[in-house]
Structure formats: C-alpha cells, structure tokens
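A look at the structure
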Amino acid sequence: MTSSKSRAVVLHLVRQGESNLVVQVIDSLYGRRSLLLRGVGKGRLAGAAAALHPMSVIELVAYDSPYGSLRCIREFEPLFALNGIRGNICKSTVAIFMAEVLYRGIREGDGGPELFNWLVESVVRLDAAGGSAANFHLWWMAGFCGMMGFAISPQGLSDA
C-alpha cells in the first residue's frame, strides 16, 4: 500500500455505513477528491468527525485501499484551531457557504496548489476578521470568480 502526505481543506462529509465517512476535500497536491475515513466513532477516531468542519484545514496521510477505489485516510490533524469561525455563528455560516460553493463548483480532480493556497489564506482571513464578517462572502466570491478565470474589474462596471 502506498501512502501520501498532504494538506487539504474539508468541503463535505457523507456518512457511509455505521462507522465510515466519505470526506470531500480540496487537496494541496491532487485538487478535489474523495477520501474514506474508516472507524469513526470507535477507538482513536471516536471524536474525529468533530474536527472535520466545513473549511477546516487538515494535514492527512492517505493510502490506497485494496478493497475499493477510494483512498483511505490513515491519520489527520487540524492545522489551525479556527476558534473565530467555530465560536461565531456569522463566520460559521460564511464558512458553510464557501464550502458549498466549492463542493458544487469544482469537479473531481480540478484545482491545484494555487487554488489551495488561496483557500487557506481565505479561511485564515475569515477566522481573524474582526466583528461579524457579514460581507466577507462578497469579497470571497469575487476572489473565487477570479481564481476560476472570470475576473471582475472596475473597468467593466458602468454608472448606467
């Protein structure tokens, strides 16, 4: 079994069976991909799902499973505590919005190091934002459009 170590941003979780999770992530090396986390709720992974919030930045070790096509997560740990997002309902809602846009807007295998680094910077910026960060999603959407090749420029706007 070959294993690889990388960093990822969590987008979405889907429960599979009694103790497995399919974790949708944007990986620093492979772009968007699905990974299987086995044994959630048992043993050392009893509280694992609590650390996998939308837009959490984690470091993980994944390996090839001989039983299926999904790579499995052997171990992971959060890179940032993100207490500002977890403790503020407005920031948490913005993080869920960001994760949902990414989940619906990026196909499996798309993305790359540039997108990943921009996402990590966005998450850290959201976590550190003062106040409620109510308009953060507007700034983020403009940046996301630019990352996808649809740049918004002041020259394109008119006073009509």
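Details of the structure are given in the entry above.
Below is a summary of the structure that appears in this document. Once a new chain begins, its residue numbering starts again from 1 and follows that chain's sequence as written. Residue-level local features of this predicted model are given only where pLDDT is at least 70; pairs of side-chain atoms are given and counted only at 80 or more, and the full residue set underlies all totals for whole chains, interfaces and linings. Note: side-chain values were computed over all heavy atoms of the structure, leaving out hydrogens and water.

Focus: the overall build of the protein chain
Condition: Labels follow the DSSP assignment, with helices taken as runs of H or I lasting at least four residues and strands as runs of E lasting at least two, numbered in each case from the N terminus. Only C-alpha atoms enter the radius of gyration, while the globule expectation follows 2.2 Å times N to the 0.38, with N the number of residues. Type-normalised accessible area, obtained with a 1.4 Å probe on protein chains alone, sets the label of each residue: buried when under 20%, exposed when over 50%, and partly exposed for intermediate values. In this description, accessible areas are obtained by the Shrake-Rupley approach with a 1.4 Å probe, and a residue is regarded as covered only by the protein chains that are shown.
What the protein chain contains, in helices and strands, is 4 helices and 5 strands. Of the regular secondary structure in the protein chain, the N- to C-terminal order runs β-β-β-β-β-α-α-α-α. On C-alpha atoms alone, the protein chain measures out to a radius of gyration of 17 Å, which is about the 15 Å that the 2.2 N^0.38 rule sets for 160 residues. Expressed along its principal axes, the backbone C-alpha trace of the protein chain runs to roughly 60 × 30 × 25 Å. Residue burial in the protein chain is summarised as follows: out of 160 residues, 41% are buried. Carbon together with sulfur atoms contributes 55% to the accessible area of the protein chain, which is approximately 8,800 Å² in total.

What about unusual backbone geometry?
The phi torsion at Met55 lies on the positive side, around 75 degrees, for a residue other than glycine. Its place among the elements puts Met55 in the loop between strand S3 (31–37) and strand S4 (57–64). Unlike most non-glycine residues, Leu82 shows phi in positive territory, near 55 degrees. On the secondary structure map, Leu82 appears in the loop between strand S5 (71–78) and helix H1 (83–86).

Some words on the sheet that holds strand S2 (residues 20–27)
The line we're drawing: Any two strands with at least two DSSP-identified bridges between them are counted as paired. Here an angle of 0 to 180 degrees is reported between the N-to-C directions of two axes, which are lines fitted to C-alpha atoms, with helices fitted over the stretch in contact. By definition, residues are in contact when any of their heavy atoms lie within 4.5 Å.
Sheet architecture is closed into a barrel: 5 strands sit in the order S1-S2-S3-S5-S4, paired in mixed fashion. Averaged over all neighbouring strand pairs, the angle between strand axes comes to 55 degrees, with direction disregarded. Relative to S4, strand S1 (residues 3–16) is paired through 7 bridges, and the arrangement is antiparallel. Within the sheet, the bridge partner assigned to Ala8 lies in S4 and is Ile58. On top of the sheet, helix H2 (residues 89–105) reaches S1, S2 and S3; it is set at about 100 degrees to S1, its chief contact. Along the sheet, helix H3 (residues 113–128) makes contact with S1, S2 and S4, crossing S1 at roughly 65 degrees.

Thoughts on the environment of Met55
Since its relative accessible area comes to 1%, Met55 is described here as buried. Met55 sits 92 residues away from Met147 along the chain, and the two C-alpha atoms are 17 Å apart. Residues contacting Met55, with those up to four places away along its chain left out, are Val9, Val10, Leu11, Leu82, Ala95, Met98, Ala99, Leu102, Leu119 and Val123.

Points about the packing of aromatic side chains
To be explicit about the condition: Note on aromatic contacts: the rings of Phe and Tyr and the six-membered ring of Trp form a pair at centre separations within 6.5 Å, being stacked when their planes are under 30 degrees apart, edge-to-face when over 60 apart, and tilted otherwise.
Evaluated as defined, the whole model comprises 3 aromatic pairs. Where Trp140 meets Phe144, the ring centres are 5.2 Å apart and the plane angle is 5 degrees; that geometry is what we call stacked. Taken as a pair, Trp140 and Phe144 lie in helix H4 (residues 136–147) at a separation of 4 residues, close to a single helical turn. Overall, Trp140 belongs to the buried group, its relative accessible area being 0%. For Phe144, a relative accessible area of 7% translates into the label buried. An aromatic cluster of three or more residues is present, and its members are Trp118, Trp140 and Phe144.

Section: the nonpolar core
Convention followed: The definition of a nonpolar core used throughout is a set of buried Ala, Val, Leu, Ile, Met, Phe, Trp, Tyr and Cys residues joined through side-chain atoms within 4.5 Å.
The biggest cluster of nonpolar side chains holds 25 residues, and the ones touching the most others in it are Met55, Met98, Leu102, Leu119, Leu126 and Trp140. At the level of elements, S1, H2, H3 and H4 are the ones that each hand at least two residues to this core. Sorting elements by how many residues they give to this core places H3 first, with 7 residues.

Looking at the pattern of salt bridges
Keep this limit in mind: Salt bridges, as used here, are contacts in which a Lys or Arg side-chain nitrogen is within 4 Å of a carboxyl oxygen on Asp or Glu.
For the structure shown, the criterion picks out 5 salt bridges. Where Asp64 meets Arg71, a salt bridge forms, and the shortest distance between an N and an O atom there is 2.4 Å. Its relative accessible area of 17% is what places Arg71 among the buried residues.

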